[in-house]
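Structural features, examined
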Amino acid sequence: MAEIQIKNIAKSFGAYQALNDINLTIANQEFMVLLGASGCGKSTLLRIIAGLETASAGEILIGGKRIDHLSPKDRGIAMVFQNYAVFPHLTVFENIGFGLRMHKLPNNEVTQRVEKVAELMHIEMLLKRYSGELSGGQRQRVAVARALAMEPDVILMDEPLSNLDALLRMEMRAELKGVLAASKTTAIYVTHDQVEAMSMADRISVMHQGNIVQAASPIEVYRDPAAKFVGSFIGNPPMNFLPAVAKGSGKWEVAGQSFNGPRTDKAELQFAIRPEDMALANKGISAIAKTVEPLGAHLLVTCEVDGAMFRVVLDSDTVVKTGQTLTLAPQSDRIRWFELETTLAIP
Amino acid sequence: MTDTIAIDSSVDTRKSGRFLYVASVVLLCAWVIVPIYFLLINTLSSPEAVNSFPKSFFPEFNFSSLQFFAGFAGMMTALKNSVVVALMTMVMSIIIGAPAGYALSRFDFPGKGLFRLLIVLTRAFPLPLLALPLAVMFIQTGLDDTAFGLALVHTTLAIPFAVLITFSLFSGIPIELEEAAWTLGCTRLTAFTKVVLPLILPGITASAIFAFVISWNEVFAAAVLTIENRTLTAFLLQNLDTSPLHLKFAGGFILVVPALIFIFAVRKYLFAMWGIANR
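Residues numbered from 1 in each chain as written. Chains lettered and ligands numbered in written order. Predicted model: local features only at pLDDT ≥ 70, side-chain atom pairs only at ≥ 80, totals over all residues.

**Thoughts on the overall build of chain B**
Put simply, the test is: Helix and strand definitions follow DSSP, with helices as H or I runs of at least four residues and strands as E runs of at least two, each counted in order from the N terminus. Using C-alpha atoms as the atom set, the radius of gyration is obtained and then compared with a globule rule of 2.2 Å times the number of residues to the power 0.38. Counting other C-beta atoms within 10 Å of its own, a residue is labelled buried from 20 upward, exposed at 12 or fewer, and partly exposed in the gap between, with every C-beta atom placed from the backbone. Contact criterion: two residues are in contact if their C-beta atoms, reconstructed from the backbone, are within 7 Å.
The helix and strand tally for chain B stands at 13 helices and zero strands. Reading chain B from its N end, one meets helices and strands in the order α-α-α-α-α-α-α-α-α-α-α-α-α. The globule rule puts the C-alpha radius of gyration for 279 residues at 19 Å, and the 24 Å found for chain B is more than 25% above it. Looking at the 279 residues of chain B, the share that counts as buried comes to 32%. Considering only contacts within chain B whose residues lie at least 6 apart along the sequence, 74% involve residues at least 24 apart.

What follows is the structure, given as structure tokens:
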């Protein structure tokens, strides 16, 4: 059992507040992805959990045991680094067995475990090589194997795939997900790549400016962003936002059209809709097509609605000319509303 | 037509580039080898041959000058002193210099920039300026005329290099390697001995050799601070001044050879090791 509880963790570097009061519980065997742009504090949070950085405040519990005062080696964690950190002076075998030897395991058990994880990661033919003789993808496999060989309670990964080329990344993504699910360890995975996050995670924690904005399943993060930031950060192309003016009793005027919305006493809100949740119709928002991009699977049209940028994804057979005025009807159950001041979602 | 010309000229450039390369290599080798070779010839020649002209280009393997030195009173003691002082300097400058280099590369502390500057500044003071106060202090503490006392002085001379060399070595090793070791069950110390040390050993060796050679070649402090326990340089300086030419050559040879043998013996550490030392 390795449930991770992060309680009120804060970190400041001098006057700069890298993390503000982070609270997060990660269930046993859960695959949690910390997602955010660079500088959002996701790596700092991971390094605090690993013990490579000390928090300014707060506590961390793994499996109910407080570990934030322990050194990295006593936390029951293993970590995979962005630049692999494969020891150049040791063979692949000794790299994978390094942690086991440090824990004074008998020779035959070291051999056994190293061979097992090497097979799992498909690097059994590389065991005698040095890291200088490996490709980036192979080094990454060694780094993951080294972490798995420890049979840790928690495995921490800091952008492990970001140094690989696109094709290899896609392949490793699927493989890593399978291997980690089979290993039954709790995993925390840091990335700035939303596709990686969406495809691998059980839950995604979207981070922004040292805060966790939303922690939810990938589909929930996508469908019901907790804040405007999440909607604009996740999804490619991102969510569309338009100003909405209150017309009373739950009616809102958006781009000249009336929509049913939340009943609040606010005079203005933000109306939001995903680009693929709209269809051409006789009645709806009028948008002037500015750029038309046929992407094969679908057609991406960047429009202008009352001077604001507004993207729509249409079927690839649709014929749209630049300058044409489109009438777009949003799918009503996919419309989301955000407060103007707090930028938070209105349920 | 134009193609051929282009190829011809590129062959020409490559040829002249190659010539320049070979010429530079030959020149650099000659720069080092020729004086040592003449030193060797003159050392292995009879006193008459040394003083005659023209010179022979081949040694006549006359060992009389060297035999004279071997039998010279105090010579062997001086040689032993030199080795002892140089080894002590080597060990002390690494023991003190390497942790300083590590700290400079891995930790942020106030005054870091100033500290680096001060380290280099220690070389700004000429040794004669320091020798007199040092001699007085050494006499007061009883360190005068001891190998250890002299090694202390040589260590202060060697430390700036040891610190700066090890600083750049440690900086060349990604901190992630150490962090990975920590997460795999190492303490700061074992991560250092299991991961960092093997990686920087070639560099450490290089900086140790440097310290050895600095101490071996240092003559001023050695001459001022020792009387009975003279090192080879100080001993030869004192005695060769009034000696005939062939003995000066032989003395010079004796000074050069041990340093050469030492560097030759550890040369493999100066070159590539797992491909990271040859940066």
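**Thoughts on the nonpolar core**
Note the cut-off: In this description, a nonpolar core means buried residues of the types Ala, Val, Leu, Ile, Met, Phe, Trp, Tyr and Cys, linked to one another by C-beta atoms lying within 7 Å.
One finds Ala145, Leu156 and Ile188 of chain A to be the most contacted residues of the largest nonpolar core, which totals 154 residues. Beyond its immediate sequence surroundings of up to four residues, Leu156 of chain A is in contact with Leu46, Ile49, Ala50, Ile77, Met79 and Ile188 of chain A.

**Notes on the sheet that holds strand β1 (residues 4–13) of chain A**
Picture the strands of a sheet paired through backbone hydrogen bonds; they go either parallel or antiparallel. All names here are of chain A. For the record, the criterion: Paired strands, in this sense, are two strands between which DSSP finds at least two bridges.
In spatial order, the strands read β2-β1-β4-β5; together these four strands make up an open sheet with antiparallel pairing. With one partner strand each, in any of the chains shown, β2 (16–26) and β5 (65–66) form the two edges of the open sheet. As paired strands, β1 and β2 are joined by seven bridges and run antiparallel to one another. Within the sheet, the bridge partner assigned to Phe13 lies in β2 and is Tyr16.

**Some words on the interface of chain A and chain B**
Going by this rule: Each residue gets one label: Ala, Val, Leu, Ile, Met, Phe, Trp, Tyr, Cys and Pro are nonpolar, Asp, Glu, Lys and Arg are charged, and the others, such as Gly, are polar.
Between chain A and chain B, the residue contacts involve 21 residues of the former and 17 residues of the latter. Those elements that provide at least two residues to the side of chain A that touches chain B are β6 (77–80) and α2 (92–102) of chain A. Taken together, the residues that form the side of chain A that touches chain B break down as 14 nonpolar, six polar and one charged.

**As for the domain arrangement of chain B**
Residues and elements named next belong to chain B. Let me state the cut-off plainly: Note: domain ranges come from an automatic or database domain assignment.
Per the domain assignment, the segments making up chain B are domain 1 (2–43) and domain 2 (65–270). Between the C-alpha centres of domain 1 and domain 2 there is a distance of 35 Å. With five residues of domain 1 at the contact, the number on the domain 2 side is eight residues. Residues of the side of domain 1 that touches domain 2, tallied by class, amount to three nonpolar, two polar and no charged.

**Section: the domain arrangement of chain A**
Residues and elements named next belong to chain A. Taken domain by domain, chain A comprises domain 1 (4–233) and domain 2 (240–346). On a C-alpha basis, the centroid separation for the pair domain 1 and domain 2 is 38 Å. When the residues that make up the side of domain 1 that touches domain 2 are grouped by side-chain class, the tally is four nonpolar, one polar and two charged.

**Let's talk about the pairing of strand β16 (residues 298–305) of chain A**
All names here are of chain A. Sheet topology places strand β15 (residues 278–294) next to β16; six bridges connect them, and they run antiparallel. Across the sheet, residue Pro294 finds its bridge partner in β16, namely Leu299. From the end of β15 to the start of β16, which pair antiparallel, there are three residues, and Gly296 there has a positive phi angle of about 90°. What sits between β16 and strand β17 (residues 308–315) in their antiparallel hairpin is a turn of two residues, with Asp306 showing a positive phi close to 50°.

**Quick notes on the pairing of strand β11 (residues 240–248) of chain A**
The side chains of a regular strand alternate, residue by residue, between the two faces of the sheet. Residue and element names in this part refer to chain A. When β11 meets strand β14 (residues 268–273), the two strands line up antiparallel, connected through six bridges. Paired with Pro243 across the bridge in β14 is Gln270. Relative to strand β12 (residues 251–254), β11 runs antiparallel, the two sharing four bridges. The residue of β12 that forms the bridge with Ala246 is Trp252. Linking two consecutive strands that pair antiparallel, namely β11 and β12, is a turn of two residues; a positive phi of about 45° is found at Ser249 within it.

**Here we look at the sheet that holds strand β19 (residues 336–339) of chain A**
All names here are of chain A. The antiparallel open sheet is built from six strands, whose spatial order is β13-β12-β11-β14-β19-β20. Only two strands of the sheet have a single neighbouring strand rather than two, namely β13 (257–260) and β20 (345–346). When β14 meets β19, the two strands line up antiparallel, connected through four bridges. For Ala272, the partnering residue across the bridge sits in β19 and is Arg336.

**Some words on the environment of Leu121 of chain B**
Summarising the element assignment, Leu121 of chain B is placed in helix α5 (residues 112–121). Spatially, the C-alpha atom of Leu121 of chain B lies 14 Å from that of Ala162 of chain B, the residues being 41 residues apart in sequence.

**Describing the packing of α2 of chain A against helix α3 (residues 107–120) of chain A**
Residue and element names in this part refer to chain A. Here is the rule we go by: All axes here are fitted lines through C-alpha atoms, helices being fitted over the stretch that makes contact, and every angle between N-to-C directions spans 0 to 180 degrees. What sets the label is the angle itself: under 35 degrees gives roughly parallel, over 145 gives roughly antiparallel, 65 to 115 gives roughly perpendicular, and the rest give oblique. Crossings are sorted by hand: turned counterclockwise from the far helix by less than a right angle, the near helix makes the crossing left-handed, and turned clockwise it makes it right-handed.
At a minimum axis distance of 9 Å, the contact between α2 and α3 shows a crossing angle of 130°. Between α2 and α3, the angle falls in the class oblique. Between α2 and α3 the crossing geometry is right-handed. Counting all contacts with α2, which are made through Phe93, Ile96, Gly97, Leu100 and Arg101, the residues of α3 involved are Val110, Arg113, Val114, Val117 and Ala118.

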